[in-house]
Amino acid sequence: MIDITFEELSLRPEILKALDKLGFIKPTPIQSQSIPHLIEEHGDLIALAQTGTGKTAAFSLPILHQIDENNRSSQALILSPTRELCLQICKDIVAFSKFLPQISVTALYGGTAIGAQIRELRDRPQIIVGTPGRTLDLINRGKLDISTIEYVVLDEADEMLSMGFQEDLDAILASTPSEKQTVLFSATMPKEIRRIAAKYMKSPTELSVISENKSTSNVSHEYYSTYEKNRYKVLKRLADYNPDIYSIVFCRTRRETQQIADKLMQDGYSADCTHGDLSQAQRDQVMERFRKKKIQMLVATDVAARGIDVNDLTHVINYNLPDSLETYVHRSGRTGRANKKGVCISIINAREGHKIKTLQKILDKPFELKQVPDGTEICRRRLFNLINEVQTVSVNEEEIAEFLPEVEEKLSNLSREDLIKRFVSVEFNRFLEYYSGAGDLNADLESRKGRDRGRGDKKSKGKAGSYTRYFINLGKDNNLNPKELITLINQSMRGQKFGIGSIDLQKSFSFFEIEEGYEKETLKALKGAKFRGRRINVEIANPKPKGAARRKKKKKSNNKYRK
Ligand code: ADP
Ligand code: MG
């Protein structure tokens, strides 16, 4: 199965021609497994697959193969979490359908005027790629007719849910025709996805390509342990130590993303950032420069980085460890693509060693504890990098010929030895100076048992407390507001002192955070209790990787890495 070719998948010749042009030689595992199923058996499909496994072609090619290009009704609806991903999918479909000129595709996403999208819909594209919010909006306005849809794709379904699109998804799916083919892709399979599958899909075939994802085996995992206050210095040393670095640096919040990028730029590094507080135009511009390698380090939030399609990153750097295993997998999958080697580096503090252990266990990959390079090592590395460049630089004889006599004359009183010393120093003094007397940034990992929980945990609370996130089946529709939720929690858990973190109220449900270590008590106190006559259900939720609801709190919860 793995070595099958696109021809053997019996795709239309127009598609094969386009794939050939794109340099797609053979299908990725997810493609070779899902394409035959979707074309031949015409069944529904759920696939567990990580970023970079080639999902777009896996669902687009069967759609293009089966679509009736002479029929101008909307036939395929692809839902994806962000504008960037929608545009990327659109672009890919345009490329795949290069030789099927009657097929047209359009992207629908928020944050931009709806008028142009309404006009595009009037041209009756057969394939619609949209974010759930804007798509539903256009359906409700009567501008998008999905009664003729035959193919529905939920791309990055888990991400759509964690971005709060659950209700929109339900509303859209509920109004699609019952006769259709549905494909769902997700990197993880939380309960809510199972619910959607059970409700809207017909005996779907399930497949998982996580273990076959070649790209991740090209990634090696490294981590550096340091003191909290030295995180930024460690990042700089890593950049200095790897002069050819081409990397995404992941931060947790938009603010931190901006701050780290600002500092890097002030300190003379080739860096910039992308996050949700920037305008679309700013983000596009940064991405363009990053793609063209005019920026070496792109500092980004997870959400903003989702649509980044760059294949040759040397490193992914976790400025902070992400809150969930899934996010770690997503981040690390950004490097080591297209058969290149990549390194996923995490900077951790001395108390986060257990998180690395958990990651190591679940991913079943070795994680190497590296020493933060000291000044001497960095200077050495830079020196030899320079020497290397001198050795390999191509000399443009003609262009420099006219200057050489003057240069030679000016340098004539220097011996070869002096010349070398000076030339090395020109580039080098700033490193020597900067790193003279630079300290050791390594921090010994604390063993978890050995640490004084009470003191250690509480003390850091104000700055970076650890919270567990809970789901509750009450929302604004139940007239719940933050104050009432806090009262409800406090009353139910009377007599206990604990911190309440961020609260995220949705229409029919909400999320809230309570200091870590109170999971049992919280569940016991709230589950089955009543609010305005309604029975309460509370469950531990996956941590939320998004900026909005947690801008003020950096979470570090121990149960983040549960599968
Ligand atoms: P995912 O959606 O799973 O994150 P994509 O569909 O965006 O992954 O594909 C990741 C990258 O791999 C893209 O640059 C895409 O063009 C490339 N790619 C996908 N399938 C193939 C293939 N069969 N051969 C070569 N490159 C491929
Ligand atoms: Mg994708």
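All values derive from a computational prediction rather than experimental measurement.

Cut-offs used in this document
Residues numbered from 1 in each chain as written. Chains lettered and ligands numbered in written order. Predicted model: local features only at pLDDT ≥ 70, side-chain atom pairs only at ≥ 80, totals over all residues. Heavy atoms only, no water. Domains from an automatic or database assignment. Helix = DSSP H or I, 4+ residues; strand = E, 2+ residues; numbered from the N terminus. Buried < 20%, exposed > 50% of the residue type's maximum accessible area, 1.4 Å probe, protein only. Pairing = 2+ DSSP bridges. Near = heavy atom within 4 Å. Polar contact = N/O pair within 3.5 Å; in protein donor to acceptor, adjacent residues only side chain to side chain. Areas by Shrake-Rupley, 256 points an atom, 1.4 Å probe, with all protein chains shown as cover. Nonpolar A, V, L, I, M, F, W, Y, C, P; charged D, E, K, R; others polar. Salt bridge = Lys/Arg side-chain N within 4 Å of Asp/Glu carboxyl O. Axes fitted to C-alpha atoms, helices over the stretch in contact; angles between N-to-C directions. Contact = heavy atoms within 4.5 Å. Parallel < 35°, antiparallel > 145°, perpendicular 65-115°, else oblique. Left-handed = near helix turned anticlockwise from the far one by under 90°.

Engineer: Talk me through the domain arrangement of the protein; I want residue IDs and the actual numbers.
Structural biologist: Looking at the assigned domains, one finds that the protein contains domain 1 (6–212), domain 2 (216–374), domain 3 (376–434) and domain 4 (460–553). Taking only C-alpha atoms into account, the centre of domain 2 sits 31 Å from that of domain 4.

Engineer: Describe the side chain of E159, with residues and values.
Structural biologist: By the element assignment, E159 lies in helix 7 (residues 157–162). Look at E159 and you get buried, because its relative accessible area is 8%.

Engineer: Account for the pairing of strand 8 (residues 219–226), with residues named and values stated.
Structural biologist: Burial within strand 8 is extensive, with seven of its eight residues counted as buried. As paired elements, strand 8 and strand 13 (residues 342–349) share eight bridges and run parallel to each other. Looking across to strand 13, one finds that Y224 is bridged to I347. Sheet topology places strand 8 next to strand 14 (residues 367–370); four bridges connect them, and they run parallel. Residue pairing in the sheet places E222 in a bridge with E368 of strand 14.

Engineer: I'd love a proper account of the site of ligand 1, names of residues and values included.
Structural biologist: Around ligand 1, the surrounding shell holds 15 residues, and the nearest of these are K26, Q31, G52, K55 and T56. At 2.9 Å from a nitrogen atom of ligand 1 is found a main-chain nitrogen or oxygen belonging to K26. The side chain of Q31 places a nitrogen or oxygen atom 2.8 Å from a nitrogen atom of ligand 1. Here ligand 1 has 560 Å² of accessible area as a free molecule, and 79% of this is covered by the chains. Here the residues of the shell around ligand 1 sort into three nonpolar, nine polar and three charged.

Engineer: Tell me what's going on with the pattern of salt bridges, and back it up with residues and numbers.
Structural biologist: Enumeration over the complete set of coordinates arrives at 24 salt bridges. R141 is the salt-bridge partner of D137, the closest N and O atoms lying 2.9 Å from each other. Overall, the relative accessible area of 28% leaves D137 in the partly exposed class. Across the pair K370 and E222 runs a salt bridge whose closest N-O atoms are separated by 3.8 Å.

Engineer: Describe the sheet that holds strand 15 (residues 467–472), listing the residues and the values that go with them.
Structural biologist: The strand order across the open sheet built from four strands is 16-17-15-20, with neighbouring strands paired in antiparallel fashion. A single partner strand is all that each edge strand has here, and the edge strands are strand 16 (500–505) and strand 20 (538–540). Each strand of the sheet is rotated relative to its neighbour by a mean of 25 degrees, with strand direction disregarded. Pairing geometry for strand 15 and strand 20, over three bridges, is antiparallel. Note that in strand 20 the partner of F471 across the bridge is E539. Lying on the sheet, helix 23 (residues 482–492) is in contact with strand 15, strand 16 and strand 17 (510–515); it crosses strand 16 at an angle near 130 degrees.

Engineer: Tell me about the packing of helix 6 (residues 132–140) against helix 8 (residues 166–174), and name the residues and values.
Structural biologist: The contact between helix 6 and helix 8 brings their axes to 9 Å, and the two run at 45 degrees. If you check the angle between helix 6 and helix 8, you find them oblique. With respect to the hand of their crossing, helix 6 and helix 8 are arranged in left-handed fashion. Where helix 6 abuts helix 8, its residues P132, G133, T135, L136 and I139 lie against D168, L169, A171 and I172. Of the residues in the contact of helix 6 with helix 8, the class split is six nonpolar, two polar and one charged.

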